[in-house]
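Per-entry structural report
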Amino acid sequence: MTENPFFQPSTLDYELPPFAEIREEHYLPAYERGMAEQLAEIAAITADLSLPTFENTLVALERSGELLRRVDVVFRNQSSSDTTDLLDEVEAKVSPLLAAHHDAIHLDRALFARIEALYGSRTELGLDPESLRLLERRYTGFERSGARLGGAEQARLRELNAELAALGTTFQQNVNAETRANALVLDSAEELAGLSEGAIAGAAENARVLGHEGAYVLSLKNTSGQPELAQLTDRSVRERLLAASLGRGIEANGPIAIRMAGLRAERAALLGYPSHAAYVVADETAGTVEAVSALLARLVGPAVANARREAAELAAAAAADGIGEIAAHDWAYYSEKVRQSSFQVDAAVLRPYFELERVLRDGVFFAANLAYGLSFTERPDMTAHHPDARVFEVFEEDGTALGLFIGDFHARASKRGGAWMDSLVEQSALTGQRPVVLNNLNIPLPAPGEPVLMSWDEVRTLFHEFGHALHGLFSDVRYPLFSGTSVPRDFVEFPSQVNEMWMVRPEVLANYARHHETGEPLPAGLVERMTAAEGFGQGFRTVEYLAATLLDWAWHTVPQGEEIADAEEFESRALAAAGVGVDAIPPRYRTAYFQHVFSSGYSAAYYAYIWSEVLDADTVQWFEGNERPVRESGELFRRELLARGFSRDPLESFRAVVGRAPETEPLLARRGLL
Ligand SMILES: [Zn+2]
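Residues numbered from 1 in each chain as written. Predicted model: local features only at pLDDT ≥ 70, side-chain atom pairs only at ≥ 80, totals over all residues. Heavy atoms only, no water.

1. Overview of the side chain of His 556
Rules: The helix count covers DSSP runs of H or I at least four residues long, the strand count covers runs of E at least two residues long, and both are numbered beginning at the N terminus. Summary of the burial criterion: residues with accessible area below 20% of their type's maximum are buried, those above 50% are exposed, and those between are partly exposed, where the area comes from a 1.4 Å probe applied to protein chains only. Contact between two residues is taken to exist if any of their heavy atoms lie within 4.5 Å; hydrogens are not considered.
In this fold, His 556 is placed in helix H20 (residues 538-556). The exposure class of His 556 is buried, given its relative accessible area of 1%. Ignoring any residue separated from it by four or fewer positions in sequence, one finds His 556 in contact with Arg 264, Ser 275, His 276, Ala 277, Val 597, Phe 598, Ser 603 and Ala 604.

2. Notes on the coordination of the zinc ion
Short version of the rule: Coordination shells were defined by N, O and S atoms within 2.8 Å of each metal, extended to 3.2 Å for Na, K and Ca; water is absent from the atom set, which can make sites look incomplete.
The zinc ion binds to the protein through His 464 (NE2), His 468 (NE2) and Glu 493 (OE), with metal-donor distances spanning 2.1 Å. Look at where the donors of the zinc ion fall in the sequence and you get H-x3-H-x24-E. Separated by 25 residues along the polypeptide, His 468 in helix H16 (residues 456-473) and Glu 493 in helix H17 (residues 489-499) bring together distant segments of the chain. With a relative accessible area of 7%, Glu 493 lands in the buried category.

3. Side note on the nonpolar core
Burial of nonpolar side chains together is a common tendency in soluble globular proteins. Going by this rule: Throughout this description, the term nonpolar core refers to a set of buried Ala, Val, Leu, Ile, Met, Phe, Trp, Tyr and Cys residues connected via side-chain atoms within 4.5 Å.
With 178 residues, the main nonpolar core has Phe 354, Phe 463 and Tyr 512 as its most contacted residues. Excluding anything up to four places from it in sequence, Phe 354 contacts Val 359, Val 452, Leu 453, Met 454, Ser 455, Trp 456, Val 459, Tyr 512 and Ala 513. Counting 30 residues, the second-largest nonpolar core is a separate cluster that includes Ile 22, Leu 68, Val 71 and Met 382.

4. Topic: the side chain of Arg 671
Counting through the fold element by element, Arg 671 comes out in the segment after helix H26 (665-670). For Arg 671, a relative accessible area of 14% puts it in the buried group.

5. Concerning empty space enclosed by the protein
Empty space left among the atoms is revealed by rolling a probe the size of a water molecule over them. What counts is decided by this rule: In the cavity and pocket records, a cavity denotes points on a 1 Å grid over the protein atoms alone where a 1.4 Å probe fits but cannot get out, a pocket denotes an open set with protein on both sides within 12 Å along at least 5 of 7 lines, and lining residues are residues with an atom within 4 Å of a point. Grid points are joined across faces, edges and corners, and a volume is the space filled by probe spheres set on the points. Note on residue categories: nonpolar means Ala, Val, Leu, Ile, Met, Phe, Trp, Tyr, Cys or Pro, charged means Asp, Glu, Lys or Arg, and polar means any other residue, Gly included.
The tally for this structure, following the rule as stated, stands at three cavities of 30 Å³ or more. Reported here for the largest cavity is a volume of approximately 260 Å³. Around the largest cavity, the lining is made up of 18 residues, and of these Arg 69, Arg 70, Leu 424, Val 425 and Gln 433 lie nearest the centre. Here the lining of the largest cavity gets five residues from one element, more than from any other, and that element is helix H3 (residues 66-81). Residues of the lining of the largest cavity, tallied by class, amount to nine nonpolar, four polar and five charged. Roughly 50 Å³ of internal volume is contained in the second largest cavity. If you trace the second largest cavity, you find it lined by Ser 423, Val 425, Glu 426, Gln 427, Pro 435, Val 437, Gly 472, Ser 475, Ser 483, Gly 484 and Thr 485.

See below:
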């Protein structure tokens, strides 16, 4: 039997994980050995009889857990982008083990005593700024993980963390199961009127695969809104589709959400915070619950007013169909009508101009060349995690190799929804590793031999995710803790959102948006009309986002001991109290399928997207308004911000680029909220 490929560092270029050798059965043993190895490494640190030094404690801690890191990054990507039943089982087994492992390190009194001693004399150690920050961040991290608590409190903390980890996994698996179970089954093609022929054929094929031969099945996406709602002409079908989406999971996940909110409130109280939200934001750039609440409160009124104005326009369009009042299941449908009649934009007309290969090379890569001087060479000789994923080597302007970029652009049944970036190898001067980053998207695969034609939103997502990739690729730090995208959640979306600006930048757009058959550029005025049409939907989009954010906020500002009887009732009261209870606009995610906050790391942090957008809008204005050549602005943004990762205060990095603290006005202007 061959040795588990995770047990040794990869010998491939850039230490790319040896995907060709990795089998499902390698993960669990690698996790087990990885955790055991790290605990042994920690034990060696604390057994050291010499006085604690920065080297023998902090640096040793940074170097520890290499095997665990190797397996964890590969597993997390694999279980998200190409999962199997076995991987789901491994995930369910491993997540409480990882929570316990985290506790074993952070509640290790001997280890914390060494860190605390060093922290107490930090100004006398003669550390360089990044090393000093490592000491401070580690100290804070241990403190926030309960290192100072007494024995009984630590025991309770371990219980809370273990139960929360297990509940998070159950919540996620319930969402997956209910999302599949609530797919809408339709008997006749007439009910699908309005959808394209391809989409109807897809629904028939979907039905066949799911055992409903002869019927049509519309599978559900993550969000409350479903893309077909914009096209289905039969109002009752729209109503059923939305109801199927909104009704997912409440029986199974409502009680879990209540339990998790209670446990999180208890944990926050244990750690000395009035609520889970207060605990979370204390370590984010926002800092306080009040700062977040103030921004959200400032946005709600104008956003709801915009949405009501949009509703009036939709109602005018719907009146022709004899509909008096716009319901939630009508919104997307009549938005599309208004978009077509008022702005002469038909989303389908754009697709032939957005062919994936062209958008990638002549758009995304081209922009990275303009701003940063990068170039890209595909490496078909290197094996990624799936046959559809492609590996590119990234080079600096002077030809120096920088790292690897892996693009896994296509949807598949085994991939979770949405789009995201992962780091497979994190840059660090300490370990000598160079970055290997990965983007996952969900662009449907076309029929064999057909080109991949993308929607406007998919193009934006490609630029967005590549912004995260650049953050990882440009990382230039010493310690892994600070590498690339390891910044606060309310900062991490900022660089990726900034990268979206290249999509419509004239010189970039002209370079990539060409008809895939004729090579013709986009018809004059189309992009301007599209941008204007997007402005029209801002009211709806802002309200549905804010509703989800305020829902997350409500669940996590609950003080310890407050009983919640019913999740749905809590949800509707919270939305009404926050002023975002607009009947026709459901939150982007309802409680029962809000995976960001109940099963991935965004509890009390869904606000991060709009918080980051403040920085984004401000920075885009700086990019467009300053006198420097683009290449110079890009270089400044790279050196002072992207390259720094979390090795200094992110807001200091922002100031180093823009020259002042962030301002909110550019965001308000962009979202039509002034
Ligand atoms: Zn993002």
